[in-house]
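Below are the chains, spelled out letter by letter.
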Amino acid sequence: MRISELLTQIRAHWIDHVAHLLSPGEEGRDFLLVELERFYDLLQQAIASGDPGWLKPLLIEWATARTESELLQEKISLSPVLDTLMTETPKVVTQVLGEEEALFLLKELMPIFTYAYSEIAQQEMLVRVGYISAKLDQVQTELRRIDHSKSDFISVAAHELKTPLTLIEGYAAMLRDQVGDDDSSGAMLLKGIGNGTTRLAEIINDMIDVSLIDNNLLSLNFQPTWINRLLEVLAKEMQPVIKERNQNLVIKEFSGSKQMTFADSERIYQALRNLLTNAIKYTPDGGTITIDGRELASLIEVTVKDTGIGIDQEDQIRIFEKFGLLGDIALHSSSKTKFKGGGPGLGLPITKGILEAHGGTIWVESLGYNEEDLPGSIFHVLLPILAESPDDKMAHLFEDYNKPSEN
Ligand code: ADP
């Protein structure tokens, strides 16, 4: 008997048998019967043509017809259905056909079932990957939206805080004029208010800077800049704190530090100041901070190395994200230079934003975080050497500086 006739002979029995097993109740039986009829039609085509690919469209349809809730609960696999079809087929075949015909038919059917298995596994994998990547896209869009709201909030809050702060600063200045600068307790209290408002103003300015960077609105005033000059001023500014913390600040002479480059010197100063402030903050009293560097092809590298608590490998990227401060927020004091006195976690994102706006970059190297062994950290800054101002409008003002020269 021809194989197509054998298939026709067992068809009704096979469909009835597997439909009963796959759907013991009446519910969904009609739909299942239609699907099994379709499967069987294609199975017959596959056997007749010798091409199991006939089953592919139906298998794709089955795999992609998974509902959202099935995907969500990971109830995705159709392999158990194929298992039933495959394991029940020999039973039906041997019940309906004689031994020789049964063996002949099974030998023809097995490769087709094997194909169906691998095809369904592949299709299910594709469906799942598609589902997961769609979910990831959704999450990313949502994260972007949240980040945007956060950035809007920072900007609004910063501007709203600035007005009352200016009022406090103004009234404190008037009071200071009346009280005078002597050693009276009134003058001491006013000094305390002054310190508080200065720190608050710094935080608000950081919030404004971070929202400018977030929205690509940081505008740079390129002018001739020498790193060694910025470091000299910085060392002077930080000297009192370095002394108070009994630390050593070593600023090395390095090639490139005397190299003129066009940059926004105020912003570069701010970036270096953030790094030095952090080095002071995260290094215990008595530690050493070394600023060094070198000139690379068309870049100046500056390194700020400390003998402080160090940073874990897994945090070395996160600290450059806004609010990427580490540790327990409740333990943070907001001192700018006290040992481990935390800030709002905006210093490094601003530093990174400033450097990237210049076409530069920043990264950190540290063996890890350890408050006893003090592995220290080295922040590396790369700043491109620009012989001319990239700002056309300003360029003519600095024609004399067109060529980089030794200072
Ligand atoms: P913060 O205002 O908290 O100092 P930053 O953005 O400047 O914010 O730094 C983010 C975090 O990176 C800090 O909270 C600190 O945990 C870590 N960090 C920065 N600089 C250093 C350093 N030199 N040594 C150890 N940890 C550091």
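Note that this is a predicted model, so its numbers are computed, not measured.

Asks: Just checking my understanding: could you explain a nonpolar patch on the surface for this structure?
Replies: A grouping of Val139, Leu143 and Ile146 is seen on the molecular surface, where their side chains present a nonpolar patch of about 260 Å² in accessible area. Tracing the sequence through the fold places valine 139 in helix H6 (residues 99-179). Looking at valine 139, the relative accessible area reads 45%, which means it is partly exposed.

Asks: Help me understand the packing of helix H3 (residues 56-64) against H6 in this model?
Replies: If you want to describe how two helices pack, look at the angle between their axes and the distance between the axes. Running from N to C, H3 and H6 cross one another at 40°; their axes reach a closest spacing of 9 Å. With respect to each other, H3 and H6 are oriented oblique. H3 and H6 meet at a crossing whose hand is right-handed. Of H6, the residues touching H3 (which contributes Lys56, Leu59, Ile60, Ala63 and Thr64) are Tyr115, Ala116, Glu119, Ile120, Gln123, Glu124 and Val127. When the residues that make up the contact of H3 with H6 are grouped by side-chain class, the tally is seven nonpolar, two polar and three charged.

Asks: Hey, could you run me through the environment of glutamine 223 in this one?
Replies: As for its placement among the helices and strands, glutamine 223 is situated in strand S1 (residues 223-225). Residues glutamine 223 and alanine 263, spaced 40 residues apart in sequence, show a C-alpha to C-alpha distance of 5.5 Å.

Asks: Quick question: what am I supposed to make of the sheet that holds strand S7 (residues 377-384) here?
Replies: Strand pairing in a sheet relies on backbone hydrogen bonds. The paired strands run either parallel or antiparallel. Pairing in this open sheet of five strands is mixed, and the strands run S2-S4-S5-S7-S6 from one edge to the other. Sheet topology places strand S2 (248-251) and strand S6 (361-366) at the edges, where each strand pairs with a single neighbour. Each adjacent strand pair in this sheet contributes to an overall mean axis angle of 15°, direction not counted. In the sheet, strand S4 (residues 288-296) pairs with strand S5 (residues 299-306) via eight bridges, with the strands oriented antiparallel.

Asks: Please explain the site of the ligand as it appears in this structure.
Replies: Inspection of the region around the ligand gives 19 residues, with Asn278, Lys281, Asp306, Gly345 and Leu348 positioned closest. For the ligand, an oxygen atom lies 2.8 Å from a polar atom in the side chain of lysine 281. The separation between an oxygen atom of the ligand and a polar main-chain atom of glycine 347 is 3.3 Å. Compared with its free state, where it exposes 540 Å², the ligand has 96% of that area covered by protein. Only helix H9 (265-281), helix H10 (347-357) and S7 provide two or more residues apiece to the shell around the ligand. The class makeup of the residues in the shell around the ligand is 11 nonpolar, six polar and two charged.

The rules behind these values
Residues numbered from 1 in each chain as written. Predicted model: local features only at pLDDT ≥ 70, side-chain atom pairs only at ≥ 80, totals over all residues. Heavy atoms only, no water. Patch = residues over 30% accessible without salt bridge, like charges linked within 9 Å, V, L, I, M, F, W, Y side chains within 5 Å. Areas by Shrake-Rupley, 256 points an atom, 1.4 Å probe, with all protein chains shown as cover. Salt bridge = Lys/Arg side-chain N within 4 Å of Asp/Glu carboxyl O. Helix = DSSP H or I, 4+ residues; strand = E, 2+ residues; numbered from the N terminus. Buried < 20%, exposed > 50% of the residue type's maximum accessible area, 1.4 Å probe, protein only. Axes fitted to C-alpha atoms, helices over the stretch in contact; angles between N-to-C directions. Parallel < 35°, antiparallel > 145°, perpendicular 65-115°, else oblique. Left-handed = near helix turned anticlockwise from the far one by under 90°. Contact = heavy atoms within 4.5 Å. Nonpolar A, V, L, I, M, F, W, Y, C, P; charged D, E, K, R; others polar. Pairing = 2+ DSSP bridges. Near = heavy atom within 4 Å. Polar contact = N/O pair within 3.5 Å; in protein donor to acceptor, adjacent residues only side chain to side chain.

Don't take any of this as a statement about function, it's just geometry.
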